[in-house]
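Survey of secondary and tertiary structure
Each chain, written out:
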Amino acid sequence: QMIDILLQAFRTLDVESQKIFKLYYQEKLTQQQIVQELQMSQSKVSRKLIKGRQSLLEALFKWSQEKNISVNPNQLKDISFAMEEFLSNRDFSGG
């Protein structure tokens, strides 16, 4: 169910952010390579990655609250790590 939450949250990101996530996590491009590929500033790429990750974490946190699951700081770190792993191993094109 957490995967569904992450996918739903990912789909709410703007198209540009989704493309940046795909290039960064799927294609394993560096931020600098993304800058060159998309012809945008490094600060914009970085900001989109940070805001996108934050949106996904917020969606997971909201879901945990709705399920009455309390999350302590250590668990939040674990969730963040798991989310990064999920993003790195996910094919976003197929949903």
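Everything below is about the structure shown above.
Now for a description of the structure that goes with this document. Being a predicted model, the structure only gives us computed values, none of them experimental.

1. Regarding the overall build of the chain
Assigned secondary structure in the chain consists of 5 helices and 0 strands. Starting at the N terminus and walking to the C terminus, you meet the elements of the chain as α-α-α-α-α. The C-alpha radius of gyration of the chain comes to 14 Å, within 12% of the 12 Å expected for a compact globule of 95 residues. Projected onto the principal axes, the alpha-carbon positions of the chain cover approximately 45 × 30 × 20 Å.

2. Considerations on the environment of E84
You can see E84 is positioned in helix α5 (residues 73-88). With a relative accessible area of 24%, E84 lands in the partly exposed category. The spacing of E84 and Y25 is 59 residues in sequence and 8.6 Å in space, taken between C-alpha atoms. Contacts of E84, omitting those with residues within four sequence positions, involve Y25 and R53.

3. Quick word on the packing of helix α2 (residues 15-26) against helix α4 (residues 42-66)
Following both chains from N to C, one finds α2 and α4 inclined at 95 degrees, their axes separated by 9 Å at the closest point. In this view, α2 runs roughly perpendicular relative to α4, as classed from their interaxial angle. Residue-level contacts link E16, S17, I20, F21, Y24 and Y25 of α2 to K44, V45, K48, L49, G52, R53 and L56 of α4. Grouping the amino acids of the contact of α2 with α4 by side-chain chemistry returns 7 nonpolar, 2 polar and 4 charged.

4. Let's talk about α2
Compared with the 16 Å implied by 1.5 Å per residue over 12 residues, the 16 Å span of α2 between its first and last C-alpha is a close match. Buried within α2 are the following residues: S17, Q18, I20, F21, L23 and Y25. Along its buried surface, α2 packs onto α1 (2-12), α3 (31-38), α4 and α5. With a side-chain oxygen lying 3.2 Å from the backbone nitrogen of E16, the N-terminal cap of α2 falls on D14. Backbone geometry just downstream of α2 places K28 in the positive-phi region, at approximately 60 degrees.

5. Some thoughts on the nonpolar core
Counting residues in hydrophobic clusters, the biggest one holds 22 residues, and the most contacted among them are F21, V45, L56 and L87. Among the elements of the structure, α1, α2, α3, α4 and α5 are those that each provide at least two residues to this core.

6. Topic: unusual backbone geometry
Notably, K28 is not glycine yet its phi reads approximately 60 degrees, a positive angle. Inspection of the secondary structure puts K28 in the loop between α2 and α3.

Conventions we followed
Residues numbered from 1 in each chain as written. Predicted model: local features only at pLDDT ≥ 70, side-chain atom pairs only at ≥ 80, totals over all residues. Heavy atoms only, no water. Helix = DSSP H or I, 4+ residues; strand = E, 2+ residues; numbered from the N terminus. Rg over C-alpha atoms; globule rule 2.2 N^0.38 Å. Buried < 20%, exposed > 50% of the residue type's maximum accessible area, 1.4 Å probe, protein only. Contact = heavy atoms within 4.5 Å. Axes fitted to C-alpha atoms, helices over the stretch in contact; angles between N-to-C directions. Parallel < 35°, antiparallel > 145°, perpendicular 65-115°, else oblique. Nonpolar A, V, L, I, M, F, W, Y, C, P; charged D, E, K, R; others polar. Expected span 1.5 Å × (residues − 1). Polar contact = N/O pair within 3.5 Å; in protein donor to acceptor, adjacent residues only side chain to side chain. Core = buried A, V, L, I, M, F, W, Y, C linked by side-chain atoms within 4.5 Å.

Taken by themselves, the reported measurements are silent on function.
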